[in-house]
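Working through the structure, step by step
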Amino acid sequence: MAMIATLDLTIKLSNSQCLICRSCLKSLLDPIPLRELDNGNEPLLPSQYDSQSSQSYDYVLVADIIRETNDQTFKKQDAYIRNLKQKNIKVTIIEYMEKVFYGICAPEEIFAKYKYLLKVSDACNWSGQQTCLSFSTRIRIVHFVIHNTFIETGESLEELLAQGVFESIFCLHEENKQKELKKKWASWSAVFTLFKQPISHVKDYFGEKVALYYLWLGWYTRMLIPAAFIGIVVFLYGIAFFNTSPLIKEVCHSNIIMCPRCDKRCHVWNLSDTCTYAKVSQLFDNEGTVAFAMFMAIWATLFLELWKRHRALFVSKWNVFDWCEDEEELILEIVNDPRCKPKVFRHSYLRTTMVLLLVTLVLVVIIGLTHALVICRILAGIVLSESEWHFLRDHASTIAMLIGAVLHYFTIQVMTKVNRFVALKLCSLEKTRSMAATERSFTVKMFTFQFFTLFSSLFYVAFYLGRINGYPGNYVRIASKWRLEECHPSGCLTDLFIQMSVILVLKQTINNIFEFAVPWLKLCFKRLKADTIEECQDNGGNINSCDPSNLRNWLDNYHLNDVNCFSLFNEFLEMVIQFSFTTIFVAAFPLAPLLALINNIFEIRLDAIKMVSLERRLVPKKTNDIGVWTRILEVVGVMAVIANGLVIGITSDFIPRLVYRYYYGPCANGTSANLDCMTGYINGTLATAYMSDVNVQKDFLIKQMTTENGINVTHCSYRDYRNDVDQSLTPQFWLILAFRFAFVILFEHVVVLCKFVAAWFIPDSPINVKNIRLEDRLRRLKEELREMNETYDSRSTEV
């Protein structure tokens, strides 16, 4: 019998009934019984991808068992399965515990057509040179076919799933490869082999798209090491001057009385009360911050340019350098339906205008939420300042800022779901031609919405907080009642630091906990509920197989957490948002690269464990790049230059310190002997408000002008460059403002020039990759010419 099976298989191979590579021949020559198609067609060869029978199935559909044949749900189930069989797709049915499992196995002719069309295509022909299709490629093809199979009413599988006709659909994990990935990659012990990810194995199992994500994440994590090191150096530089900085000494030993920070219950306070905060601000608002911001802007460019080279090495090795997702989708459409019509390109100015207006409306709503958060923070500050607790009253502004940051975090979580829903609706309104185009459009919209949701509050804190609130006697008020909040007593950059640190730490820590814990708990709960496999039912021919190995494998995959088209997108979005945090406001938080590095070391393993062990198998997708994310990262890099230039020039005290040092300080005229050049700087940044001014009396009550010692004061100081007599802006303010704008322009031009030089100097592809592609192209052209000559010679011989 073994010889007969081998002989029959050899004959089929010689007749090209199934295109199977010679390297797969040995595994096929084992005496495995051939399984018959239940639709009466030719026998199907056993799968060459795994010796186990369970791996011969490309997909599994699950539905509730419906006994009533007149039920509409039953009719739709039957119609869909019948249409699959009309495409020569083998469907094996197993009923178990009121569920029916449909094992789907596509015929080899589908894959033969796919391979042939790849070979003759314009952009995908490199991959067409492969002689044996991997199981991941089979999954991708079958995924397209079954999702583009419609019943007589025109409903697709996606619509049937939404209606509950089918419960779920999933492709199967390969047990042997899954165990290998768990051992080498998807385990916490692999944390110590950070830079040795088995990317090629990941590509073979999950496809190029997932492999490129982990390749990019690994490269990003590696590049964070120098950024984190420099950030630590800047942080330690600030610590080194804790006890020697004249600015800190001036604050800590000051007797200056400052104006009340709120209405009614706030009293005047001593500048020396902010001694601790002044030391904290020195950690990130020092001379090293400027150099670090410039370094990070150039780092972002180097990261992207070196990533392009790193990517080129792998996509060239995988033969997908010129791969085109749109063209593969066209090939799959022909494989699925040879009579299909092309989805033509369409453009409507009316539809585009509507989408643009709706996007603008969504952004306006997001900015409105930012204003609502600002009002919440102001009200929280007012309530805290009127508290009976001494601690809350003294630290009202700091606690209000923390409350605002936490509220912002929860707003982010809610708006993420809203943004996704709106982005999907806008994409459906656009009516894009292909799935790849839809994905690109959705990615741009979703990132834009998320960026505004996360960063609009930070932009307010960085560039508006404390600059539009007015001054004693002329405070800006909301509804003519509540004063706008002021900057932190130690400076406006402290507020940005607090906001950044809270959001970054909360977002990364809590997200990672939920990202891993929720799927793990769901899986444990499902497995606890799952019963042991009983004997499956046999309804006289309705059940094609009762193989326990099939059922066990299908149930194991069925109990895993579901995945969808957003699974990988969510991971990319999370990391690109982190990249934005790491680069855009890094001047206010030099430790951001360090926190990102620590997070990513665990993020890689967490995502790997989740994909391999906790979730159903992702549909493998083939691509040659991370797609539109590259353009988004480039835009973020440019925004980082602009934002850091503005933070240093406008938000920080870097420019005022320089102006004071060289124009107003003891060293301005070169006559200073024993004094530090920054002596008197703090006093020079303060203006004085007198209670004798009628307008000041309207803002401050007499009882507010009493110190903790019970001393009544007639004047107080506040941070601004104003004349003590008429509160007009001083010439020093205008000089500092001119230098601020000059610095921003100079900083941005210099850094942008460095970015362009770095991008020009580093080629996107290494020379050896270019040479390999050149040699391969030449080889393939020679092979085509040789085949043509052989054909011509054979015809001449026949004549």
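Here the structure is a predicted model, which means the values were calculated and not measured.

Below, the discussion takes up the sheet that holds strand β3 (residues 99-105). Pairing in this open sheet of four strands is antiparallel, and the strands run β2-β3-β1-β4 from one edge to the other. Looking at which strands have only one partner, the edges of the open sheet turn out to be β2 (90-96) and β4 (168-170). Adjacent strand axes in the sheet meet at a mean angle of 20° when their direction is disregarded. When strand β1 (residues 59-64) meets β4, the two strands line up antiparallel, connected through three bridges. Looking at the pairing, V60 lines up with F170 of β4. Contacts from helix α3 (residues 72-86) reach β1, β2 and β3, with the element oriented near 160° to β1. Helix α5 (residues 135-147) contacts β1, β3 and β4 of the sheet and is inclined by roughly 40° relative to β1.

Per the counting criterion, the structure on display carries seven cavities of 30 Å³ or more. Space inside the second largest cavity adds up to approximately 70 Å³. As for the second largest cavity, its lining consists of L504, K507, Q508, E574, M575, I577, Q578, F581 and N599. Taken together, the elements giving at least two residues each to the lining of the second largest cavity come down to α18 (492-529) and α20 (567-584). Among the elements that take part in the lining of the second largest cavity, α20 stands out by supplying five residues, more than any other. Residues of the lining of the second largest cavity, tallied by class, amount to four nonpolar, three polar and two charged.

So, on to the pattern of salt bridges. Any two side chains of opposite charge can pair, so long as their charged atoms come close to each other. Summed over all chains, the structure comprises 32 salt bridges. Notably, a salt bridge pairs E174 with K177, separated by 3.8 Å at the nearest N-O pair. With a relative accessible area of 2%, E174 lands in the buried category. The class of K177 is partly exposed, set by a relative accessible area of 35%. The partner of E430 in a salt bridge is K445, and the shortest N-O contact between them spans 3.0 Å. Linking E430 in helix α16 (residues 396-430) with K445 in helix α17 (residues 435-463), this pair joins segments that are 15 residues apart in sequence. Among the residues examined, E430 registers a relative accessible area of 25% and is labelled partly exposed. Residues joined in a network through salt bridges with shared partners are E305, K308, R631 and E634.

Scoring rules and cut-offs
- Sequence order as written defines residue numbering, which begins from 1 separately in each chain.
- A pLDDT threshold of at least 70 governs which residues receive local features in this predicted model, and a stricter bar of 80 or more applies before side-chain atom pairs are shown or counted, although totals over entire chains, interfaces and linings include all residues.
- Computation of side-chain values: all heavy atoms of the structure, hydrogens and water removed.
- In this scheme, strands are said to pair when DSSP sees at least two bridges between them.
- Secondary structure elements follow DSSP: runs of H or I no shorter than four residues count as helices, runs of E no shorter than two count as strands, and numbering proceeds from the N terminus.
- Axis definition: a line fitted to C-alpha atoms, limited for helices to the stretch in contact. Angles are taken between N-to-C directions and run from 0 to 180 degrees.
- Here a residue-residue contact requires only that any non-hydrogen atoms of the pair lie within 4.5 Å.
- Cavity and pocket criteria rest on a 1 Å grid covering protein atoms alone: a 1.4 Å probe that fits but cannot get out defines a cavity, protein on both sides within 12 Å along at least 5 of 7 lines defines an open pocket, and an atom within 4 Å of a point defines a lining residue.
- Grid points are joined across faces, edges and corners, and a volume is the space filled by probe spheres set on the points.
- Polar here means any residue other than Ala, Val, Leu, Ile, Met, Phe, Trp, Tyr, Cys and Pro, which are nonpolar, and Asp, Glu, Lys and Arg, which are charged; Gly is therefore polar.
- Whenever Lys or Arg places a side-chain nitrogen within 4 Å of a carboxyl oxygen from Asp or Glu, that contact is recorded as a salt bridge.
- To sort residues, take the accessible area from a 1.4 Å probe on protein chains only and compare it with the maximum for the residue type: under 20% means buried, over 50% means exposed, and anything in between is partly exposed.

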